[in-house]
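Coordinate inspection notes
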Amino acid sequence: MRVLKPLAGVVFAVLLVAALDFRLGPIPPIGRFLDPFQGAWQNAEQSGQSIAMPALLVGLNDSIQVVMDDRDVPHIFASNDHDLYFAQGYLTARHRLWQMETQTRAAAGRLSEVLGASTIDFDLEQRRIGMVWSAEQALDAFSDDALSRMVVEAYTAGINAYIGSLDYRSLPLEYKLLDYRPEPWTPLKSSLLLKHMAKMLTGSERDFANTEALKLLGPEMFAFLYPEQNLLQDPIVPGFSPDTAIGAGSTAFLNGGTWPTTDPQPSHIGSNNWAVSGSRTASGNPILCNDPHLGLGLPSIWYEVQLHAPGINCYGVSLPGAPGIVIGFNDKVAWGVTNAGRDVKDYYAITFEDYSRKRYRYGDTWKESSMRIEEVKVRGGRSVMDTVIYTHYGPVAHVDKEAGTHLALRWTAHRPSNELMTFYGLNRATGYADYAEAIKHFRCPGQNFVFADVAGDIAIWQQGDFPLKPHAHGRFIMDGSNPATDLADIIPQQHNPHLVNPERGFVSSANQAPTDTAYPYYYTGVFEEFRNRTINNTLRNDSAVTVESMMALQLSNLSMLAKEALPLMLQHLDTLDFQNKEVEMMAYHALKDWDYNYDRGIISPTVFQIWWDELNSLIYDELNDSKWDQAEYYRYSWEEFGRTGKAYLDMRDSRYVYPMSRVTIGLLSDHPDHPIFDHHFTVARKDGPQDLVYDAFYWMAVKLKDIISYGIDKPHWGHYQGTRIMHLMKLDALSSPKLFVGGCKNAPNAMTATHGPSWRMVVELTPEGPKAFGVLPGGQNGNPGSAGYLRSLRKWVDGEYHPLHLLNMNDLRSGEWKVSSIKGPGH
């Protein structure tokens, strides 16, 4: 017995230590994770502490010098391109490795390998739309060009040099939380990252939603509610028409059948950029501005860096995982990008010969398909196998086995391309000719490249591969068996809309339509209707532009939507029939005195936004859930419904998207007798805009009263909108709190709960060198335990900017900056 007790204690201790070294479900090995010498505690960095630079890096051909400034921005000085991109890969990985690997895992459909069964459906979708296949096409294009192959291989080697230096103690926190290690980086991963961005920025198709809406509404009503979107006001390049245009073939689309229900791409992804000629600035120097509005996340989507080597001295933001600088400036030029918003995805209904799916109908013949076997490995479970069928259009991306339908995807991102060479060229550009040549390499996603140079030139070019289409081609799901729909040609690059040194003295884009009716080519997409006009009106009216006034324009919270819609809504509102008089009168007066700015701390934007959303739900109730039982409406008293009998419930049908806001404004102003105002469920009475406007106001007041009475949230804008920047793992502890910010998606300061300015940049190009300012919504360092994790967030919230320092060799010799020298082997 004396021996058994201590022996039992020893056994228990051994078992406990062993248990603490193993993962239990989603819980990491607690022993290792909490080890004060190896675990999460080692990821905590003291304020002002920086990670020491290595004295030697195997893989460098020569010595390099690095200045790591007080915001963790690396300024890299190298004597050759190989070492420049090797160092960029190494230093980016040092701050952002987990982010880089996670984004490329997501692109490849490999999240389930580390996150388990919860991401299987997402991974399968990535495989079915051909993300890896597309990245392989691009990698072939990289590899065929010796220069781009050298760049991506050097960048890859730098990342792997950092990965090779890691032990458990130095692993980024997320690897410890999820209990896995990084795998070696490959050039394919850099290609996957670019395709990840292409997917994010080419979601402007409405093929599914338009096909369903056409079936529901009929051709006449559909054409009225969903007009062609390239006829909107104030395009990027007004009056643009190439000397000669190439004609497109005919097309045919389907208006029958049953198609998968998919959530349409949200419309809140947008950006602003503009350049002002020196003729319209106070200093006489051109000024360029860019603020891409993307999904806000921690770590930031961008990484600041300076690259200096023979032939290049450039500063800006890069995509962690890809070499070069995407948005930035050098001592001669500056450039920025916004999303084109044009539809570059087409869906084709495929008719297979039989269940084997080895052949599919094409005209009077059968074409051979190919198959790609996909294995989704699942952590803690069995692999999921899937067979993706490839047609000459592209992969069969959507399958409805019950309905027996198959939809193939043709997407310009599937075409071989080498976007890396665009940024290689822009980083080294000295004038307009270099810019125009560099952007020719950029194929997908379509972007609006704005440009300015120290010589005084300004330009904008909508660049990408844009399909050559006949009218209506790509607006609906098309018949893949009809060769008339098989149109794969691209509009010639010189015919893409562009503008150089216009007489008006500025160029700009804010995701609006690129052209007006002068443009001979057909296109469709999802385009902004309001931000562009606010920006252009400001630029037209300011002939003495300054850096400070351009910052103010980026931060403008003015909503042209509210300015145009609210007077009409108030005109139709019957104020004599208010039910919740105290709340409704308070809301009414808040709107009457409002200047249409979505400023934080006031209630007017909240009142308008809720009212506008409720009004759209009532006007377009035909597009709400058709399965909703009419009897459900009549459980309640007439008073509980208001005039139209609309229940206070969200009944949005995910198959449809509401018409664009300018259509709604046009209905209120010019078509008060339109049948769309007749509520779908009030068959005994004809409704008008007054009825719907009143009921929307009533339901707004109900929601507002709930917010105030029950403390659901503060009703003031900034609190109500609830902008928050989440960590990629969606863990509250690693994310920002709710941020008290203004703005809305229709204002230049385009902000939603999840999206906003991912980088603000203003550059004045002076003969003495660029004067540049910028800010990220977060910090450079991706380590949540670092003081640099959220370093710039407060400045971003408050609308402040950092000066951006484009250093040169004299700055390194001045002693003002702390310089680290890193040697290669033999040096």
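How each quantity is defined
- Residues numbered from 1 in each chain as written.
- Predicted model: local features only at pLDDT ≥ 70, side-chain atom pairs only at ≥ 80, totals over all residues.
- Heavy atoms only, no water.
- Helix = DSSP H or I, 4+ residues; strand = E, 2+ residues; numbered from the N terminus.
- Buried < 20%, exposed > 50% of the residue type's maximum accessible area, 1.4 Å probe, protein only.
- Pairing = 2+ DSSP bridges.
- Axes fitted to C-alpha atoms, helices over the stretch in contact; angles between N-to-C directions.
- Contact = heavy atoms within 4.5 Å.
- Arc of directions from axis to C-beta.
- 1 Å grid on protein atoms, 1.4 Å probe; cavity = no way out; pocket = protein on both sides within 12 Å on 5 of 7 lines; lining within 4 Å.
- Points joined across faces, edges and corners; volume = space filled by probe spheres on them.
- Phe/Tyr/Trp six-rings, centres within 6.5 Å; stacked < 30°, edge-to-face > 60°.
- Lys NZ or Arg CZ within 6 Å of the ring centre and 35° of its normal.
- Parallel < 35°, antiparallel > 145°, perpendicular 65-115°, else oblique.
- Nonpolar A, V, L, I, M, F, W, Y, C, P; charged D, E, K, R; others polar.
- pLDDT = per-residue confidence, 0-100.
- Salt bridge = Lys/Arg side-chain N within 4 Å of Asp/Glu carboxyl O.

Let us look at the environment of Ile707. Among the secondary structure elements, Ile707 is positioned in helix 22 (residues 689-710). Residue classification places Ile707 among the buried positions, given a relative accessible area of 4%. Note: C-alpha distance between Ile707 and Tyr720 (13 residues apart in sequence) is 9.1 Å.

Bringing the sheet that holds strand 6 (residues 303-309) into the picture now. Pairing between sheet strands relies on hydrogen bonds along the backbone, with the strands arranged either parallel or antiparallel. Read from one edge to the other, the open sheet built from 10 strands follows the order 20-18-17-9-8-7-6-2-1-27, with strand pairing classed as mixed. The open sheet has two edge strands, strand 20 (498-500) and strand 27 (819-822), and neither has a second partner. For this sheet, the mean inter-axis angle between neighbouring strands, taken without regard to orientation, is 15°. Of the pairings in the sheet, the one linking strand 2 (residues 74-77) to strand 6 comprises three bridges and is parallel in character. Each residue of the ladder has a partner; that of Ile76, found in strand 6, is Leu307. Against the sheet, helix 3 (residues 81-108) makes contact with strand 1 (64-68), strand 2, strand 6 and strand 7 (312-318), and its axis sits at roughly 160° relative to strand 6, the strand it touches most.

Before going further, it helps to examine helix 15 (residues 547-554). Among the residues making up helix 15, those that are buried are Val547, Met550, Met551, Leu553 and Gln554. End-on view of helix 15: buried residues confined to an arc of 160°, all on one side of the axis. Packed against the buried residues of helix 15 are strand 3 (270-276), strand 4 (287-295), helix 14 (531-541), strand 24 (760-766) and strand 25 (769-775).

Turning to empty space enclosed by the protein, a few remarks are in order. Considering all chains together, one arrives at seven cavities of 30 Å³ or more under this definition. Approximately 250 Å³ is the volume found for the largest cavity. Contributing to the lining of the largest cavity are 21 residues, with Met197, Leu201, Phe442, Pro445 and Gln447 lying nearest its centre. For the lining of the largest cavity, the secondary structure elements donating two or more residues are helix 9 (187-201), strand 4, strand 9 (333-339) and strand 17 (447-453). Per-element accounting of the lining of the largest cavity gives the leading share, five residues, to helix 9.

Our focus in this paragraph is the packing of aromatic side chains. In the structure shown here, the tally under the stated rule is 30 aromatic pairs. Among the aromatic residues, those joined into a cluster by ring pairs are Trp594, Tyr596, Tyr598, Phe608, Trp612, Trp717 and Tyr720. Stacked on the ring of Tyr424, the Lys or Arg Arg428 has its end atom at 3.5 Å from the ring centre.

To continue, consider the sheet that holds strand 15 (residues 396-400). The four strands are arranged 15-16-10-19 in an open sheet whose pairing can be described as mixed. Bordering the open sheet on either side are strand 15 and strand 19 (478-479), each of which pairs with just one other strand. When strand 10 (residues 345-349) meets strand 19, the two strands line up parallel, connected through two bridges. The residue of strand 19 that forms the bridge with Tyr348 is Met478. Where helix 10 (residues 207-217) meets the sheet, it contacts strand 10, strand 15 and strand 16 (405-411), and its direction lies at approximately 55° from that of strand 10.

Most of strand 7 is tucked away: seven of the seven residues are buried. Of the pairings in the sheet, the one linking strand 6 to strand 7 comprises seven bridges and is antiparallel in character. What sits directly across from Gln306, in strand 7, is Tyr315. Relative to strand 8 (residues 327-330), strand 7 runs antiparallel, the two sharing four bridges. Bridged to Cys314 within strand 8 is Asn330.

It is the contact of helix 3 with helix 9, at a shortest axis distance of 8 Å, that shows an interaxial angle of 75°. When the axis of helix 3 is compared with that of helix 9, the two are roughly perpendicular. Contacts from Gln103, Thr104, Ala107 and Ala108 of helix 3 reach helix 9 at Lys189, Leu192, Leu193 and His196. Among the residues making up the contact of helix 3 with helix 9, the classes are represented as four nonpolar, three polar and one charged.

Our focus in this paragraph is the confidence of the model for the protein. For the protein, the average pLDDT comes to 89, and 88% of its residues sit at 70 or higher. Note that pLDDT drops below 50 for residues 254-266; the model gives that stretch 37 contacts with residues more than four away or on any other chain. Contacts for the low-pLDDT stretch residues 626-652, under 50 throughout, to residues beyond four places or in other chains number 60 contacts.

A cis amide bond links Leu298 with the next residue in sequence, Pro299, at an omega value of -5°. Structurally, Pro299 can be placed in the loop between strand 5 (297-298) and strand 6. Looking along the chain, the bond that leaves Cys444 and enters Pro445 is cis, with omega of 5°. Examined against the element boundaries, Pro445 turns out to sit in the loop between helix 13 (432-438) and strand 17.

The residue Ala87 is located in helix 3 in this model. Given a relative accessible area of 2%, Ala87 falls into the buried group. Sequence separation between Ala87 and Tyr155 is 68 residues, and the spatial gap between their C-alpha atoms is 7.4 Å. The contacts of Ala87, once residues within four sequence positions are left out, are Ile64 and Ile76.

Here the focus is the pattern of salt bridges. Scanning the model with the defined rule gives 31 salt bridges in all. The closest approach of N and O atoms between Lys215 and Glu212, which form a salt bridge, is 3.3 Å. Of this pair, Lys215 and Glu212 both sit in helix 10, three residues apart, which is roughly one turn of that helix. Its relative accessible area of 10% is what places Glu212 among the buried residues. Here Arg531 ties to Glu528 by a salt bridge, and the two come within 4.0 Å at their closest N and O atoms. We note that Arg531, like Glu528, is buried. Taken together, the shared-partner salt bridges connect Glu101, Arg105, Arg110, Glu113, Glu183 and Lys189 into one network.

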